[in-house]
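# Structure assessment
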Amino acid sequence: MAPGGIPVSLLADLLAVFIIAAAVGIFVTKVGQFPYTIALLIAGFAASVVGVTIDIELSHDLILLVLLPPLLFEGAATTDLERLRRNLAPILLLAVVGLLVSVVLVGVAGAALFPGFDLLLALLFAAMILPTDPVSVLALFEELGAPERLATLVEGESLVNDGVGVVVFSALLGYVTSSAGGGAGAGDLFTVGGVGELVVDIAIVSGGGLLVGLAGGALAYSVMVSLDDQMTEIILTIILAYGAFLLAEHYAADVLGFHLSGVIATVVAGLFIGNRGAEYAMSPQTKIAVFNTWETAAFIVNTFIFLMIGVTTPIGDLLSNAPLIGMAIPLVLLARTAVVYPLTALANRFSEPSVPVSYQHVMVWGGLHASIPIALVLGLPPSTPMRTELRAMVFGVAAFSLVVQGLTMSNVLDSLDIVTRSDAEQLYELLVGRARAVDAALDAADELHANGDIPQEVYDRFTSEYEREKDQLNEAIATLMRDNPELRHEQVLAGERRLLQREKSALMDAARNGVISGDVGDELIEEVDIKLDRVQEGEQTVSETEESYEEFWRQRAEEFGLDLGEESDDEATGDGEISADEE
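The present account deals with the structure reproduced in this document. (Residues numbered from 1 in each chain as written. Predicted model: local features only at pLDDT ≥ 70, side-chain atom pairs only at ≥ 80, totals over all residues. Heavy atoms only, no water.)

### Observations regarding the overall build of the chain
- Along its length, the chain carries 24 helices and zero strands.
- Looking at the 583 residues of the chain, the share that counts as buried comes to 47%.
- Long-range contacts, defined as pairs at least 24 residues apart, comprise 79% of the intrachain contacts of the chain with a sequence gap of at least 6.
- Of the accessible surface of the chain, which amounts to about 27,900 Å², a share of 60% is contributed by carbon and sulfur atoms. (Helix = DSSP H or I, 4+ residues; strand = E, 2+ residues; numbered from the N terminus. Buried < 20%, exposed > 50% of the residue type's maximum accessible area, 1.4 Å probe, protein only. Contact = heavy atoms within 4.5 Å. Areas by Shrake-Rupley, 256 points an atom, 1.4 Å probe, with all protein chains shown as cover.)

### Thoughts on the packing of aromatic side chains
- Going through the model one piece at a time under the given rule, you end up with four aromatic pairs.
- Measuring from centroid to centroid gives 4.8 Å for phenylalanine 73 and tryptophan 294, while their planes differ by 40°, and the two rings are tilted. Here phenylalanine 73, found in helix α3 (residues 60-77), pairs with tryptophan 294, found in helix α13 (residues 284-312); they are 221 residues apart in sequence, far enough to count as distant.
- Taking the relative accessible area as the measure of exposure, phenylalanine 73 reaches 1% and is therefore buried.
- Ring geometry for phenylalanine 114 and phenylalanine 125: centres 5.8 Å apart, planes at 85°, overall edge-to-face. Pair noted here: phenylalanine 114 is in the loop between α5 (88-113) and α6 (119-129) and phenylalanine 125 is in helix α6, with a separation of 11 residues, a long-range link.
- Feature note: the residues Phe114, Phe117 and Phe125 constitute an aromatic cluster, connected by ring pairs. (Phe/Tyr/Trp six-rings, centres within 6.5 Å; stacked < 30°, edge-to-face > 60°.)

### Focus: the packing of helix α15 (residues 322-350) against helix α16 (residues 357-365)
- Two numbers describe how α15 lies on α16: the axes approach to 9 Å, and their chain directions differ by 145°. At the point where α15 passes α16, the crossing takes the right-handed sense. On α16, the residues touching Leu333, Arg336, Thr337, Val340, Tyr341, Thr344 and Asn348 of α15 are Gln360, His361, Met363, Val364 and Trp365.
- Residues that form the contact of α15 with α16 fall into these classes: six nonpolar, five polar and one charged. (Axes fitted to C-alpha atoms, helices over the stretch in contact; angles between N-to-C directions. Left-handed = near helix turned anticlockwise from the far one by under 90°. Nonpolar A, V, L, I, M, F, W, Y, C, P; charged D, E, K, R; others polar.)

### A look at the nonpolar core
- Counting 110 residues, the largest nonpolar core has Leu124, Phe125 and Met128 as the members making the most contacts within it.
- Setting aside chain neighbours within four positions, we find leucine 124 in contact with Phe169, Leu172, Leu173, Val176, Leu380, Thr384 and Leu390.
- In terms of nonpolar packing, the next biggest core, distinct from the first, is built from 23 residues, Ile273, Met282, Ala289 and Trp294 among them. (Core = buried A, V, L, I, M, F, W, Y, C linked by side-chain atoms within 4.5 Å.)

### Let's talk about unusual backbone geometry
- In this model, methionine 386 sits at a positive phi of 55°, which is unusual for a non-glycine residue.
- Along the chain, methionine 386 falls in the loop between α17 (371-378) and α18 (387-415).
- What makes methionine 386 partly exposed here is its relative accessible area of 23%.

### Focus: a nonpolar patch on the surface
- A cluster of nonpolar side chains, contributed by Val200, Ile204, Val255, Leu256 and Phe258, occupies part of the molecular surface with about 460 Å² of accessible area.
- When contributions to the nonpolar patch are tallied by element, the ones reaching two or more residues are α10 (192-224) and α11 (230-256).
- With respect to the helices, strands and loops of the structure, phenylalanine 258 is situated in the loop between α11 and α12 (262-280). (Patch = residues over 30% accessible without salt bridge, like charges linked within 9 Å, V, L, I, M, F, W, Y side chains within 5 Å. Salt bridge = Lys/Arg side-chain N within 4 Å of Asp/Glu carboxyl O.)

### Examining helix α21 (residues 485-512)
- The terminal C-alpha atoms of α21 lie 40 Å apart, and with 28 residues this matches the ideal 40 Å at 1.5 Å per residue to within 8%.
- Of all the positions in α21, only Leu487, Arg488, Val492, Leu493, Ala494, Gly495, Glu496, Arg497, Leu500, Ser505, Leu507 and Ala510 are classed as buried. (Expected span 1.5 Å × (residues − 1).)

### Details of a negative patch on the surface
- A surface patch of negative charge is lined by Asp443, Asp446, Glu447, Asp453, Glu467 and Asp471.
- Secondary structure elements with two or more residues in the negative patch: α19 (423-450) and α20 (456-483).
- In terms of residue count, the dominant contributor to the negative patch is α19 (three residues).
- Within the fold, aspartate 446 resides in helix α19. (Lys, Arg positive; Asp, Glu negative; His and termini not counted. Charge placed at Lys NZ, Arg CZ, Asp CG, Glu CD.)

### Details of the environment of alanine 265
- Its location among the elements puts alanine 265 in helix α12.
- For the pair alanine 265 and serine 206, spaced 59 residues apart in the sequence, the C-alpha separation amounts to 8.4 Å.

And the structure:
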């Protein structure tokens, strides 16, 4: 190795990681119906047991600074912001209130059950293990194809509660390390002032991370909106993902004297770029390039992190601390159960649509714990009391969570009759996907013919074939919609939601540019919001035969004396079928 160069052994270890991953991928492909990430974890366990050594340290900094930002950013960027907003009440209740309550429950019970643990140390364990892990949840739900709303609830909670969990962990670790007897400082925490300070810290750190993410996302958006270069925009999103995390988690401390939540900053930045940025700042080609890049990056990082968790799991420590792990696993599950059902019931009273009980069962069992808890426990200083026991307990609970809960998740979904995607939905996606490909081929043929790149005879042959296929696809989609009214209703609502969001954005731009006055803009935007609320409740505001929603401009125009006239029967009616062109 040349001075300052990369050790050949490191490259060899990385190659070994991906050789094992390739073998696992081949196995999963042949077997089928087996989650890839869980298979990686089990392969890592097996490699650890048989003595395969990979000299890559899965450290606290490697997980949090290198591996986590791209996974968080990709997960947030592919999350529909409107769907997240509709489920905000249960998500925030579980991610904030639920996490704090469950930390207290596990802490109190753990102090009584875990030998050698006082209350403060048991709370520290709870703060490490209880945050649900977005890496694990996102990977598993994507593989299982969970229903969109269920995936939004579980993923949204996991994306939010990490910021809260890290803040609580940091505060508790400070009390532990500052106390001479491994918990003598607990009295300062369990006071009104101590609890108040913890709540303020959570609010400041989380709110600050949110502002950093918004500012970073807005800055990247302002640059991307005037660009049309795929490679540059990909680089900008990479800068944003890592930059938001580092700015909040590290550089903010140099200015403010305390860190902000890098997790929340990266999630918010991803939501901003993945929604507003993708819609208004990216061309269709750029959008495909950007999201394909992040999907590939997330796959590679997931492959590395799950395999390395298995390889670095301290098998000997797990066996020697089996009684502690045996008590910790049911305690964590009981705490999860104790917060999910009552808090979701509370959210159902104040928000619509309500969360079904079947979804609540999945949310209890789907609260997986892996990379975030492991990163936190790896960051414990050597002087931490019961450090070996804490490490074994966190790895043990994480292993149970990923292997047992992860492997049985599809069975839970099946037993609760939670359909991931119906046969009709899968066929619809197939037809629409092919229809878009046909449209792209026709556009390309027109462009090539216009530029003189293909002769007339070839052009006529291409267009004849593709036009015929397009007609067949349109007819197939129309028939599928007629035979499956529920599918048709969902697609109409989804299309109407997208159109209303475009309306709202156009009105905001018009008001901002002075095309319309602020008060008129506010009235029009309020009307669009009313329509969006109706659509979210499952009610269409557009009808084929009559006016489903009377816009207020019609009344104003009539009061002014304008004759609006009436639509002809031909204009007011139609077959109402959705074709490939409309998709």
